[in-house]
Amino acid sequence: MRLTNYTDYSLRVLIYLATKEKDNLSNIKEIAEAYQISKNHLMKVTYELGKLNVIETIRGRGGGIRLAKDPSEINIGFIVRQTEDDFNLVECFDPKSNACTISPACTLKGVLHKALQAYFEVLDCYTLADLVKNKSMLARLLKNT
(Lines give C-alpha, C1' and ligand atoms only; values in the text may rest on other atoms or scores of the structure.)
Protein backbone atom coordinates (compact mmCIF):
# COMPACT_ATOMS: atom_id res chain seq x y z
CA MET A 1 0.00 0.00 0.00
CA ARG A 2 1.19 3.48 -0.80
CA LEU A 3 -0.14 6.73 0.63
CA THR A 4 -0.93 9.55 -1.76
CA ASN A 5 1.13 12.73 -1.79
CA TYR A 6 -1.94 14.43 -0.35
CA THR A 7 -1.79 12.31 2.80
CA ASP A 8 2.00 12.61 2.95
CA TYR A 9 1.76 16.41 2.74
CA SER A 10 -1.03 16.47 5.32
CA LEU A 11 1.16 14.60 7.78
CA ARG A 12 4.14 16.81 6.97
CA VAL A 13 2.12 19.98 7.62
CA LEU A 14 0.98 18.60 10.97
CA ILE A 15 4.53 17.60 11.92
CA TYR A 16 5.80 21.04 10.96
CA LEU A 17 3.13 22.80 13.01
CA ALA A 18 3.74 20.50 15.97
CA THR A 19 7.39 21.56 16.07
CA LYS A 20 6.38 25.19 16.56
CA GLU A 21 5.64 26.73 19.92
CA LYS A 22 1.94 26.50 20.73
CA ASP A 23 0.87 30.04 19.84
CA ASN A 24 3.32 30.67 16.99
CA LEU A 25 1.73 30.96 13.58
CA SER A 26 3.18 29.49 10.42
CA ASN A 27 2.30 30.04 6.79
CA ILE A 28 2.10 27.91 3.69
CA LYS A 29 5.13 29.57 2.11
CA GLU A 30 7.47 28.67 4.97
CA ILE A 31 6.17 25.09 5.13
CA ALA A 32 6.54 24.68 1.36
CA GLU A 33 10.10 25.98 1.54
CA ALA A 34 10.98 23.75 4.50
CA TYR A 35 9.88 20.63 2.63
CA GLN A 36 10.62 21.93 -0.88
CA ILE A 37 7.11 21.15 -2.10
CA SER A 38 4.43 23.07 -3.99
CA LYS A 39 2.58 25.89 -2.24
CA ASN A 40 -0.49 25.12 -4.37
CA HIS A 41 -0.64 21.56 -3.03
CA LEU A 42 -0.24 22.82 0.52
CA MET A 43 -3.07 25.31 0.10
CA LYS A 44 -5.46 22.43 -0.65
CA VAL A 45 -4.04 20.35 2.19
CA THR A 46 -4.32 23.11 4.79
CA TYR A 47 -7.86 23.91 3.68
CA GLU A 48 -8.90 20.28 4.26
CA LEU A 49 -7.01 20.04 7.57
CA GLY A 50 -8.92 23.13 8.66
CA LYS A 51 -12.23 21.46 7.74
CA LEU A 52 -11.14 18.48 9.86
CA ASN A 53 -10.58 20.89 12.78
CA VAL A 54 -6.98 19.82 13.29
CA ILE A 55 -5.52 23.14 12.20
CA GLU A 56 -6.73 26.65 12.74
CA THR A 57 -6.39 29.34 10.09
CA ILE A 58 -6.16 32.97 11.08
CA ARG A 59 -6.88 35.38 8.25
CA GLY A 60 -5.59 38.86 7.64
CA ARG A 61 -2.39 40.71 8.33
CA GLY A 62 -0.29 38.74 10.77
CA GLY A 63 -2.41 35.66 10.14
CA GLY A 64 -1.30 32.14 9.52
CA ILE A 65 -1.95 28.58 10.58
CA ARG A 66 -1.40 26.55 13.73
CA LEU A 67 -2.61 23.35 15.30
CA ALA A 68 -6.17 23.57 16.57
CA LYS A 69 -5.60 20.73 19.03
CA ASP A 70 -2.83 19.42 21.18
CA PRO A 71 -0.65 16.98 19.19
CA SER A 72 -1.67 14.20 21.58
CA GLU A 73 -5.28 14.64 20.39
CA ILE A 74 -4.53 14.22 16.68
CA ASN A 75 -4.70 10.54 15.76
CA ILE A 76 -2.63 9.41 12.78
CA GLY A 77 -5.11 6.71 11.75
CA PHE A 78 -7.87 9.33 11.63
CA ILE A 79 -5.77 11.65 9.46
CA VAL A 80 -4.88 8.87 7.01
CA ARG A 81 -8.51 7.74 6.75
CA GLN A 82 -9.68 11.29 6.07
CA THR A 83 -7.02 12.22 3.52
CA GLU A 84 -6.90 9.09 1.36
CA ASP A 85 -9.35 8.67 -1.52
CA ASP A 86 -9.94 4.97 -1.03
CA PHE A 87 -8.42 1.83 0.34
CA ASN A 88 -9.21 -0.48 -2.55
CA LEU A 89 -5.99 -2.45 -2.47
CA VAL A 90 -7.16 -4.66 -5.32
CA GLU A 91 -9.93 -4.50 -7.89
CA CYS A 92 -12.32 -6.75 -5.96
CA PHE A 93 -12.43 -4.31 -3.02
CA ASP A 94 -14.70 -2.10 -5.15
CA PRO A 95 -17.91 -3.95 -6.02
CA LYS A 96 -18.75 -1.35 -8.70
CA SER A 97 -15.66 -2.04 -10.79
CA ASN A 98 -14.86 -5.62 -9.82
CA ALA A 99 -14.53 -7.77 -12.93
CA CYS A 100 -12.21 -10.41 -11.49
CA THR A 101 -13.21 -13.86 -12.69
CA ILE A 102 -12.18 -15.69 -9.52
CA SER A 103 -13.73 -13.21 -7.10
CA PRO A 104 -16.52 -15.54 -5.88
CA ALA A 105 -14.01 -18.20 -4.82
CA CYS A 106 -10.94 -16.13 -4.02
CA THR A 107 -9.72 -15.80 -0.44
CA LEU A 108 -7.09 -13.15 -1.26
CA LYS A 109 -9.63 -10.39 -0.67
CA GLY A 110 -10.14 -11.57 2.91
CA VAL A 111 -6.41 -11.77 3.56
CA LEU A 112 -5.82 -8.27 2.19
CA HIS A 113 -8.77 -6.89 4.14
CA LYS A 114 -7.31 -8.36 7.33
CA ALA A 115 -3.92 -6.82 6.49
CA LEU A 116 -5.56 -3.43 5.91
CA GLN A 117 -7.31 -3.66 9.28
CA ALA A 118 -3.98 -4.44 10.95
CA TYR A 119 -2.43 -1.43 9.18
CA PHE A 120 -5.10 0.85 10.65
CA GLU A 121 -4.83 -0.73 14.08
CA VAL A 122 -1.16 0.27 14.12
CA LEU A 123 -1.84 3.81 12.85
CA ASP A 124 -4.61 4.23 15.42
CA CYS A 125 -2.05 3.62 18.19
CA TYR A 126 -0.15 6.80 17.30
CA THR A 127 -0.80 10.49 17.64
CA LEU A 128 1.00 13.50 16.26
CA ALA A 129 2.74 13.81 19.63
CA ASP A 130 4.35 10.42 19.01
CA LEU A 131 5.68 11.63 15.67
CA VAL A 132 7.36 14.70 17.16
CA LYS A 133 9.05 13.24 20.21
CA ASN A 134 12.30 14.44 18.65
CA LYS A 135 10.83 17.94 18.26
CA SER A 136 14.07 19.90 18.55
CA MET A 137 15.84 17.82 15.91
CA LEU A 138 12.86 18.10 13.55
CA ALA A 139 12.72 21.85 14.08
CA ARG A 140 16.42 22.17 13.23
CA LEU A 141 16.03 20.08 10.08
CA LEU A 142 13.03 22.14 9.05
CA LYS A 143 14.88 25.35 9.96
CA ASN A 144 11.92 26.01 12.19
CA THR A 145 13.63 27.36 15.29
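Here, the structure is the one placed above.
Residues numbered from 1 in each chain as written. Predicted model: local features only at pLDDT ≥ 70, side-chain atom pairs only at ≥ 80, totals over all residues. Heavy atoms only, no water.

1. Quick look at the pattern of salt bridges
Inspection of the entire model under this criterion finds 7 salt bridges. For D124, the salt bridge goes to R81, with nearest N and O atoms at 2.7 Å. Residue D124 is found in the loop between helix 5 (108-123) and helix 6 (128-131), and its partner R81 is found in helix 4 (residues 76-83); the two are separated by 43 residues along the sequence. Using a relative accessible area of 34% as the deciding quantity, one classes D124 as partly exposed. You can call R81 partly exposed: its relative accessible area is 33%. A salt bridge links K133 to D130; its shortest N-O distance comes to 3.7 Å. Assessed through its relative accessible area of 28%, D130 is described here as partly exposed. (Salt bridge = Lys/Arg side-chain N within 4 Å of Asp/Glu carboxyl O. Helix = DSSP H or I, 4+ residues; strand = E, 2+ residues; numbered from the N terminus. Buried < 20%, exposed > 50% of the residue type's maximum accessible area, 1.4 Å probe, protein only.)

2. A few points about helix 1 (residues 5-18)
Along its 14 residues, helix 1 runs 20 Å from first to last C-alpha, staying within 8% of the 20 Å computed at 1.5 Å per residue. Burial within helix 1 is extensive, with 10 of its 14 residues counted as buried. Listing the buried residues of helix 1 in full gives T7, Y9, S10, L11, V13, L14, I15, Y16, L17 and A18. (Expected span 1.5 Å × (residues − 1).)

3. Comments concerning the packing of helix 2 (residues 28-35) against helix 3 (residues 39-51)
Relative orientation of the contacting elements helix 2 and helix 3 amounts to 120 degrees, with a least axis distance of 9 Å. Put simply, helix 2 runs oblique to helix 3. In this structure, the crossing between helix 2 and helix 3 has a hand that is right-handed. Listed contacts from helix 3 to I28, K29, I31 and A32 of helix 2 are K39, L42, M43 and T46. (Axes fitted to C-alpha atoms, helices over the stretch in contact; angles between N-to-C directions. Parallel < 35°, antiparallel > 145°, perpendicular 65-115°, else oblique. Left-handed = near helix turned anticlockwise from the far one by under 90°. Contact = heavy atoms within 4.5 Å.)

4. Regarding helix 4
Turning to helix 4, its buried residues number three or more, namely I76, G77, I79, V80 and T83. One side of helix 4 carries all its buried residues, which in axial view fall inside an arc of 160 degrees. If you follow the buried residues of helix 4, they end up packed against helix 1, helix 5 and helix 6. (Arc of directions from axis to C-beta.)

5. Quick look at the packing of aromatic side chains
Counted by the stated rule, this structure contains 2 aromatic pairs. Both rings, one in Y119 and one in F120, keep their centres 5.4 Å apart while their planes meet at 70 degrees; by these two values the pair is edge-to-face. On the accessibility criterion, Y119 (27% relative accessible area) is partly exposed. F120 sits in the buried class, given a relative accessible area of 6%. (Phe/Tyr/Trp six-rings, centres within 6.5 Å; stacked < 30°, edge-to-face > 60°.)

6. Comments concerning unusual backbone geometry
Backbone geometry at Q36 places phi at a positive 55 degrees, although glycine is not the residue there. Along the chain, Q36 turns up in the loop between helix 2 and helix 3. A residue is classified by how much of its surface remains accessible, and Q36, at 72% relative accessible area, is exposed. Of note in the backbone geometry, N53 takes a positive phi value of approximately 60 degrees without being a glycine.

7. What to know about the pairing of strand 1 (residues 55-58)
Note: strand 1 against strand 2 (residues 64-67), 4 bridges, orientation antiparallel. By the bridge assignment for strand 2, T57 is matched with I65. Hairpin connection from strand 1 to strand 2: 5 residues lie between these consecutive antiparallel strands, with G60 at a positive phi of about 90 degrees. (Pairing = 2+ DSSP bridges.)

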